[in-house]
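A structural walkthrough
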Protein chains: 2
Amino acid sequence: MNISSRIQAVPASTIMELLTYATEAKKGGKKVYHLNIGQPDIKTPDEFFNAVKDYKDDVLEYALSEGMPELIEAIQKYYKGYNINFNNDDILILNGGSEALLFSMIATCNEGDNILIPEPFYSNYNSFAKAVGVEIKPITTVAENGFHFPSKEEIVSKIDSKTRAILFSNPGNPTGVVYTKEEIQMISDIAKENDLWIIADEVYREFVYEGDYTSLGNIDEVADRVVIIDSVSKRYSACGARIGSIASKNKVFMNQILKLCQARLSVPTLEQIGAIELYKTPSTYLAKVNKEYRERRDVLYNELIKVPGVVCKKPAGAFYIVAKLPVKSSDHFVKWLLSNFDIDGQTVMPCPAEGFYATKGLGVDEIRLAYVLNKDDLANAAKILKIGLETYLKLNK
Amino acid sequence: MNISSRIQAVPASTIMELLTYATEAKKGGKKVYHLNIGQPDIKTPDEFFNAVKDYKDDVLEYALSEGMPELIEAIQKYYKGYNINFNNDDILILNGGSEALLFSMIATCNEGDNILIPEPFYSNYNSFAKAVGVEIKPITTVAENGFHFPSKEEIVSKIDSKTRAILFSNPGNPTGVVYTKEEIQMISDIAKENDLWIIADEVYREFVYEGDYTSLGNIDEVADRVVIIDSVSKRYSACGARIGSIASKNKVFMNQILKLCQARLSVPTLEQIGAIELYKTPSTYLAKVNKEYRERRDVLYNELIKVPGVVCKKPAGAFYIVAKLPVKSSDHFVKWLLSNFDIDGQTVMPCPAEGFYATKGLGVDEIRLAYVLNKDDLANAAKILKIGLETYLKLNK
């Protein structure tokens, strides 16, 4: 039987092999601090669970394909708080940011078309693209300047007749970069001048620790070509709810996405009921979470840059740090941390960054760290990582 | 900006225009019995809601990409009850049967490949296929023989070098057909002889009212090429949970599907927790629901065939009836029912069947009826439909 070449091109999860090393380490009695995954430890607001528990209907029916009107309205209000004026019919509810991304790729690209994405990027962009025959044209960004965009000329040089969109997360996963207003303006100009869509993954928008944040939703002259991908997962620490959204003022685009929404019938009813309450969470909640992550970032970053040779600009957003290490292979380093190193029976697990790049050979000396542990654990993990790295460097001089 | 031709090829929901007729009718004070949608009215088992309400963790985390082990085990046990022996790693949890279908198409077909599907078929098969560039080759089935398969020769004649799979629902949506053991054997033979996958959508398997049911899971010689699509939606009246599954003994296939599952991270946590309990529902629940639907089918069918010229074999499964009417356009008939007809302020809304066919011109004189109303309402609706049809035929002689 035929296995399609497109699904064969979808990469297998690279972290799985490493997780077996972590499992072995734990079997051997080690405590492993996981800095490799973006699963926040922050409490999900009670309002979510209370709303779900209040469900009273006898029958758990399909919700509307476009999403529950109350949830759409709650998201509309959320954006309004940032002076982004979407109408209710500019918003659709999707199964997490994931489905929003997949559907956006299907809608903007035929097989063989391509999308520009700054690398390193969220590796599942690549999986979705491969699954539906879309090529990724990477725009390489580097640790030395904190993973900001290269020049307009360099970006434009990647565009060809099959380029349909620019896609990026802002704040960035895995880099934590927050693009400046000038960068967002540059991207908008490029999109306008080359008739491209801008697919703006803004799921980390509440996690900005210094400087201004410029949403694509605030750039009027590209309103008809901007698609905003959003999700409750990180914002409200509700990853397991799988509630995301697509917002765009382009009616033609939205009508196309709606057809896919109708085909898969609906997004889970109870999760939407919970998500409505999440979007009503007072801004004090988000401010508190923001402060917590900022402090964590500082703890981790300040320890990391103590090691000579580490290249890392302090990231201004998300809850990740990508650092370039003076090692040949970060994969080898991570395996060594898990298999051959501990301090008082404790070690750490960063994520090798190679999987976040489309260009072969890049990222092999980089790691991504997610600061999703409480401050005490994180301080401990940061110290272990620092000493681990120093020890590894001495051993591999 | 580019809108892909593949998404433009996805059909818009045809029922939407008709629903505006229903909305107008209701505004005018009419009661409309909806026989057009497959949203069951049966109570969702309390165990689902109780399990969800019992959730105690502070953080709503991602579940495992492959699905919660307890849910997979519950499904494994469910199949075992039918002598279908899947191992736990033969089963993955998906976002409803919908995602299971989409992923199966991506995995078995490249763009331009095709799948054989008996028509009339669940119309979203077509939407998913178009979205990922897969062609549907319809195998036409007819009301006169209750929508059973045509001859082996006729089916085989549709196969070409790009045919990758045979996909069908059994019991059938929209037809209610339950294929005989001989038919399932014939399909198995065709798949083996032509090296095709069999994608068996068995979401209605508990809704069989007479005769035996043969699952593709029971045909050993094609075990390596069978993919079973399943869902809790209809079985446990939990459409809004969006919990489905893929089961296959083909490890290569399952490893490919797993990559897509990993890309979209997970299926909602709470819904899986609820679904675990659904699969533990005692078989007495399913027997009771089965009896209820059987009685409903009889009420509706017995009324319908009283009208001369109606072609309809009594369907043995699912909760749908497709009937051929002695009308030129069932679309016109349904609009007339909503706009120009009522008995004591009440009317009915069937679903025109044209949208269930891939072959142009077929189904224009057919309707699909879903018997998802309680017996009293359904008896009333059936009478209104009968008289409505008789009146319409007199007016349009």
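Everything numeric in this text was worked out from a predicted model, so none of it was measured. (Residues numbered from 1 in each chain as written. Chains lettered and ligands numbered in written order. Predicted model: local features only at pLDDT ≥ 70, side-chain atom pairs only at ≥ 80, totals over all residues. Heavy atoms only, no water.)

Right, let's talk about the overall build of chain A for a bit. Along chain A, the regular secondary structure elements total 13 helices and 12 strands. The C-alpha atoms of chain A give 21 Å as radius of gyration, which agrees with the globular expectation for 397 residues (21 Å, within 12%). Expressed along its principal axes, the backbone C-alpha trace of chain A runs to roughly 60 × 55 × 55 Å. The buried share of chain A, taken over its 397 residues, is 63%. In chain A, the proportion of contacts linking residues at least 24 apart, taken out of those at least 6 apart, comes to 76%. (Helix = DSSP H or I, 4+ residues; strand = E, 2+ residues; numbered from the N terminus. Rg over C-alpha atoms; globule rule 2.2 N^0.38 Å. Buried < 20%, exposed > 50% of the residue type's maximum accessible area, 1.4 Å probe, protein only. Contact = heavy atoms within 4.5 Å.)

What follows covers the domain arrangement of chain A. All names here are of chain A. Domain annotation of chain A identifies domain 1 (5–43 + 284–395) and domain 2 (46–281). Contact residues are listed per partner, giving 37 residues for domain 1 and 37 residues for domain 2. Across the domain 1 to domain 2 interface the summed buried area is about 3200 Å²; carbon plus sulfur atoms make up 59%. When the buried surface of domain 1 facing domain 2 is broken down by residue, L286, A316 and F356 rank first, second and third, together holding 18% of it. Across the salt bridge formed by E210 and R297, the nearest N and O atoms sit 2.3 Å from each other. Along the contact surface separating domain 1 from domain 2 lie 17 residue pairs in polar contact (both at pLDDT 80 or more). (Domains from an automatic or database assignment. Buried area = accessible area lost by both parts, 1.4 Å probe. Salt bridge = Lys/Arg side-chain N within 4 Å of Asp/Glu carboxyl O. Polar contact = N/O pair within 3.5 Å; in protein donor to acceptor, adjacent residues only side chain to side chain.)

All names here are of chain B. Remark: helix α5 (residues 96–108) packs on helix α9 (residues 251–263), axes separated minimally by 10 Å, with the N-to-C direction vectors making an angle of 120°. As summarised for this structure, α5 and α9 are arranged oblique, according to the angle between their axes. Helix-helix and strand crossings are classified by hand; for α5 and α9 the assignment is right-handed. Residue-level contacts link F103, S104, I106, A107 and T108 of α5 to F253, I257, L260 and C261 of α9. In terms of residue class, the contact of α5 with α9 is built from seven nonpolar, two polar and no charged. (Axes fitted to C-alpha atoms, helices over the stretch in contact; angles between N-to-C directions. Parallel < 35°, antiparallel > 145°, perpendicular 65-115°, else oblique. Left-handed = near helix turned anticlockwise from the far one by under 90°. Nonpolar A, V, L, I, M, F, W, Y, C, P; charged D, E, K, R; others polar.)

This paragraph deals with the relation of the copies chain B and chain A. Expressed as a screw operation, the relation of chain B to chain A combines 0.0 Å of axial shift with a rotation of 180°, fitting to an RMSD of 0.0 Å. Here the two chains are linked by the operation of a two-fold rotation axis. For chain B, the residue whose C-alpha comes nearest the rotation axis is K53 of chain B, separated from it by 2.6 Å. Both copies contact each other with a shared surface, as 100% of the interface residues of chain B are interface residues in chain A too. (Least-squares fit on C-alpha atoms with pLDDT ≥ 70 in both.)

Next up on the list: the packing of aromatic side chains. Residues and elements named next belong to chain B. In the structure shown here, the tally under the stated rule is 52 aromatic pairs over all chains. Judged by centre distance (5.3 Å) and plane angle (85°), the rings of Y204 and F319 are edge-to-face. Highlighted residues: Y204 in the loop between β6 (197–201) and β7 (226–231) and F319 in the loop between α11 (283–304) and β9 (320–324), separated in sequence by 115 residues. Assessed through its relative accessible area of 0%, F319 is described here as buried. Centre to centre, the rings of F207 and F319 are 5.5 Å apart; their planes meet at 65°, and the pair counts as edge-to-face. (Phe/Tyr/Trp six-rings, centres within 6.5 Å; stacked < 30°, edge-to-face > 60°.)

Right, let's get into the pairing of strand β6 (residues 197–201) of chain A. Residues and elements named next belong to chain A. Taken across its five residues, β6 has five buried, putting it largely inside the fold. The two faces of β6 match: W197, I199 and D201 on one face and I198 and A200 on the other face are all buried. In this sheet, β6 lies alongside strand β5 (residues 163–169) in parallel orientation, the contact comprising five bridges. Counterpart to S169 in the pairing with β6 is D201. Where β6 meets strand β7 (residues 226–231), four bridges bridge the pair, whose relative direction is parallel. (Pairing = 2+ DSSP bridges.)

A few words on the interface of chain B and chain A. In this complex, chain B contributes 80 residues to the contact, which on the side of chain A involves 80 residues. Across the interface of chain B and chain A, roughly 6300 Å² is buried in total on both sides, 58% from carbon and sulfur atoms. In this assembly, chain B and chain A are joined by zero salt bridges. When contributions to the side of chain B that touches chain A are tallied by element, the ones reaching two or more residues are α1 (5–8), α3 (46–53), α5, α6 (124–131), α9 and α10 (269–279) of chain B. Counting residues per element, the side of chain B that touches chain A draws most heavily on α9 of chain B, which supplies eight residues. Within the side of chain B that touches chain A, the residues separate by chemical class into 40 nonpolar, 22 polar and 18 charged.

Take the pairing of strand β9 (residues 320–324) of chain A next. Residues and elements named next belong to chain A. In terms of burial, β9 is largely enclosed, as four of its five residues are buried. The pairing of β9 with strand β12 (residues 366–370) spans five bridges and is antiparallel. Bridging from a neighbouring strand, Y320 pairs with A370 of β12.

The subject of this paragraph is the environment of I384 of chain A. Residues and elements named next belong to chain A. Turning to its location among the elements, I384 is positioned in helix α13 (residues 375–395). Residue I384 is classed as buried on the basis of its relative accessible area, which comes to 3%. Separated by 195 residues in sequence, I384 and D189 place their C-alpha atoms 45 Å apart. Residues contacting I384, with those up to four places away along its chain left out, are Y33, F341, I343, Q346, T347 and V348.

Time to look at the state of the cysteines. All names here are of chain A. Scanning all chains against the criterion turns up zero disulfides over all chains. A disulfide-free cysteine, C109 has its sulfur positioned 18 Å from the sulfur of C261, the nearest such atom. Free cysteine C239: the closest other cysteine sulfur is in C351, separated by 16 Å. (Disulfide = S-S within 2.5 Å.)

Under the counting rule described, the total for this entry stands at 52 salt bridges over all chains. In this structure, K291 of chain A and E295 of chain A form a salt bridge, with 2.9 Å as the shortest nitrogen-oxygen distance. A residue pair is termed a helical-turn pair when its members lie 3 or 4 positions apart in one helix, as K291 of chain A and E295 of chain A do in helix α11 (residues 283–304) at four residues. With a shortest N-O distance of 2.9 Å, D160 of chain B and K137 of chain B are connected by a salt bridge. Of the two residues, D160 of chain B is situated in the loop between α7 (152–156) and β5 (163–169) and K137 of chain B in strand β4 (residues 135–140); the sequence distance between them amounts to 23 residues.

Through backbone hydrogen bonds, the strands of a sheet pair up, either in parallel or in antiparallel fashion. Residue and element names in this part refer to chain A. The strand order β2-β8-β7-β6-β5-β3-β4 describes an open sheet built from seven strands, whose pairing is mixed. Only two strands of the sheet have a single neighbouring strand rather than two, namely β2 (91–95) and β4 (135–140). On average, adjacent strands in this sheet sit at an angle of 25° to one another, irrespective of strand direction. In the packing of helix α8 (residues 181–194) onto the sheet, the strands contacted are β5 and β6, and the crossing angle to β5 comes to about 165°.

This brings us to the side chain of K234 of chain A. Tracing the sequence through the fold places K234 of chain A in the loop between β7 and β8 (243–247). Put simply, K234 of chain A is tucked away with no salt bridge, and the nearest opposite charge, on D201 of chain A, sits 9.8 Å away. At 2.7 Å, the side chain of K234 of chain A forms a polar contact with the backbone oxygen of G38 of chain A. Ignoring any residue separated from it by four or fewer positions in sequence, one finds K234 of chain A in contact with G38, P40, V203, Y204, F207, C239, F319 and Y320 of chain A together with Y62 of chain B. (Lys, Arg positive; Asp, Glu negative; His and termini not counted.)

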